[in-house]
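Residue-level listing of the chains:
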Amino acid sequence: MRAIGLIATCVLGLEEILEGELRALEAQDVERQRGAVAFTGTWEDCWRANWRLRTANRVLVELGTWEAPDGPALAAGARALAGGRSPARVRRGAIDVASLLHPDRSFVIQATSTASVVRDTRWAALSVKDGLVDGQRDRWDRRSDVDREDPDLHLRLRLLRDRATLLLDTSGEPLDRRGYRAVTTAAPVREQLAAACVLASGWDGRGPVVDPMCGSGTLLVEAAWFALGWPPGRLRRHWAFERLPGYDPAAFTAVLQEPIPTPGPNVRLHGNDESAEALRGARANLEQANLLDRATLTRGGAAAFEPPPGPGLVLVNPPHGERLGTDAVRWRALGDLLKQRYKGWKAAVLAGGEDRGKHIGLRPRRRIPVMNGPLEGRILLFDLY
Ligand SMILES: C[S@@+](CC[C@H](N)C(=O)[O-])C[C@H]1O[C@@H](n2cnc3c(N)ncnc32)[C@H](O)[C@@H]1O
């Protein structure tokens, strides 16, 4: 069988780290895109990507691509795909779209548009939906229901420079919903950004993990799951691919049983925060993540926190949104703290706010610009000597 075209999507800025994850999974034809990494593989590779990728949002399968300078062209390409016809201008993926789009399967379609004549994404989605159901009528004499709540197929249309690509979401709920967030406190970092800090830090999994401003504990959890070789899908019960043709529960169980490297089987976590409420959230989340027995949580200022004997990994996501004047002073204090107390440690700082770590007073080994929701941020990486 021809390899399936797959795309793992991610937060802008995490492409390189996601590419590294895919290469570690021995994915084929890996190609970095904006906010995504494309690769090819089998259905097993698709399931494995959903189960194992820490920095991806979703895994999509490519169904077909065609030139679509206007609404009618969008609809015509979709109709050809769903009707099983192959005009030369429609490049199909390895999936038999006409069988996949059987009228017994409901679907929903969402669109994005970048640098294209068709800019109205609702209209683009509607044009493709019309084309798909016309193609179904051509082939089956009947059409699918559109189901916005619980569809069998989550379709995505990506319009980029007037080229349409129809994709199928195999994840369903985004992959960053790990299932350990029992309590949401103020400004938690997103799970895939927290995982990116850990993966980019160069930490080998040995020694303790410290977060002196731990908030709800996301960075600690992601570090521990990496060290213990626990996959990010571990608490998840469902993926959209379970409802797709070709899903084989026994073959998926074999993927679940594949060994994952365990660089830090004895990892210990040390979380500190000045807020009692944040610590309550961290405790609940660590418990949900099966990590409470490995964690020590303390309340106090980060400056007063004494780290355990290292070296290890120190992760910090300082508060943002403070006034500019005080920001520079706080950043400097954090830089001094890292320098003095964490000699020999690896450090990753997720910096947001106006300053984005400019005043930290330490030279990062690397700065990675990332989008943290709508906010620009930076992952700053340090080898502390
Ligand atoms: C942006 S939040 C961290 C969010 C965390 N990464 C998470 O995923 O939930 C910043 C945290 O730093 C704490 N904090 C602010 N200043 C602090 C200080 N000087 N010492 C200790 N904790 C501090 C706040 O209480 C807050 O929980």
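Residues numbered from 1 in each chain as written. Predicted model: local features only at pLDDT ≥ 70, side-chain atom pairs only at ≥ 80, totals over all residues.

**Q** Mind laying out the site of the ligand, listing which residues take part and the relevant values?
**A** Surveying the vicinity of the ligand reveals 17 residues, the closest of which are Pro188, Met213, Gly215, Ser216 and Thr218. In the shell around the ligand, the residues fall into 8 nonpolar, 7 polar and 2 charged. (Near = placed C-beta within 6 Å. Nonpolar A, V, L, I, M, F, W, Y, C, P; charged D, E, K, R; others polar.)

**Q** Pulling in residues and values, what's your account of the environment of Phe252?
**A** When you line up the elements, Phe252 lands in helix 8 (residues 249–256). Phe252 sits in the partly exposed class, given 19 other C-beta atoms within 10 Å. Along the primary structure Phe252 and Leu53 are separated by 199 residues, whereas in three dimensions their C-alpha atoms are 15 Å apart. (Helix = DSSP H or I, 4+ residues; strand = E, 2+ residues; numbered from the N terminus. Buried ≥ 20, exposed ≤ 12 C-beta atoms within 10 Å, placed from the backbone.)

**Q** Please set out the packing of helix 6 (residues 191–200) against helix 7 (residues 218–228) residue by residue, giving values where relevant.
**A** To characterise two packed helices, one gives the angle between the axes of the helices and the distance between these axes. Running from N to C, helix 6 and helix 7 point in directions that differ by 55°, and their axes come no closer than 8 Å. In terms of orientation, helix 6 and helix 7 fall into the oblique class. Where helix 6 crosses over helix 7, the handedness of that crossing is right-handed. Taken together, the residues of helix 7 that come into contact with helix 6 (itself represented by Glu191, Ala194, Ala195, Cys197, Val198 and Leu199) are Thr218, Leu219, Glu222, Ala223 and Phe226. Partitioned by chemical class, the residues of the contact of helix 6 with helix 7 number 8 nonpolar, 1 polar and 2 charged. (Axes fitted to C-alpha atoms, helices over the stretch in contact; angles between N-to-C directions. Parallel < 35°, antiparallel > 145°, perpendicular 65-115°, else oblique. Left-handed = near helix turned anticlockwise from the far one by under 90°. Contact = placed C-beta atoms within 7 Å.)

**Q** For the pairing of strand 6 (residues 107–114), give the residues involved together with the corresponding values.
**A** Summarising the sheet, strand 6 and strand 7 (residues 153–160) pair through 8 bridges and their orientation is parallel. By the bridge assignment for strand 7, Val108 is matched with His154. Following the chain from strand 6 across helix 5 (residues 121–140) to the adjacent parallel strand 7, one finds a crossover that is left-handed. (Pairing = 2+ DSSP bridges. Right-handed = clockwise from strand over helix to strand, strands pointing away.)

**Q** Lay out the packing of helix 2 (residues 43–52) against helix 8 with the relevant residues and their values.
**A** Direction vectors running N to C along helix 2 and helix 8 enclose 50°, while the axes themselves pass 10 Å from each other. Here helix 2 is positioned oblique relative to helix 8, judged by the angle of their axes. The two elements helix 2 and helix 8 cross, and the hand of that crossing is right-handed. Along its contact with helix 2, which presents Glu44, Trp47, Arg48 and Trp51, the element helix 8 presents Ala251, Phe252, Val255 and Leu256. A breakdown of the residues in the contact of helix 2 with helix 8 according to their chemical character gives 6 nonpolar, no polar and 2 charged.

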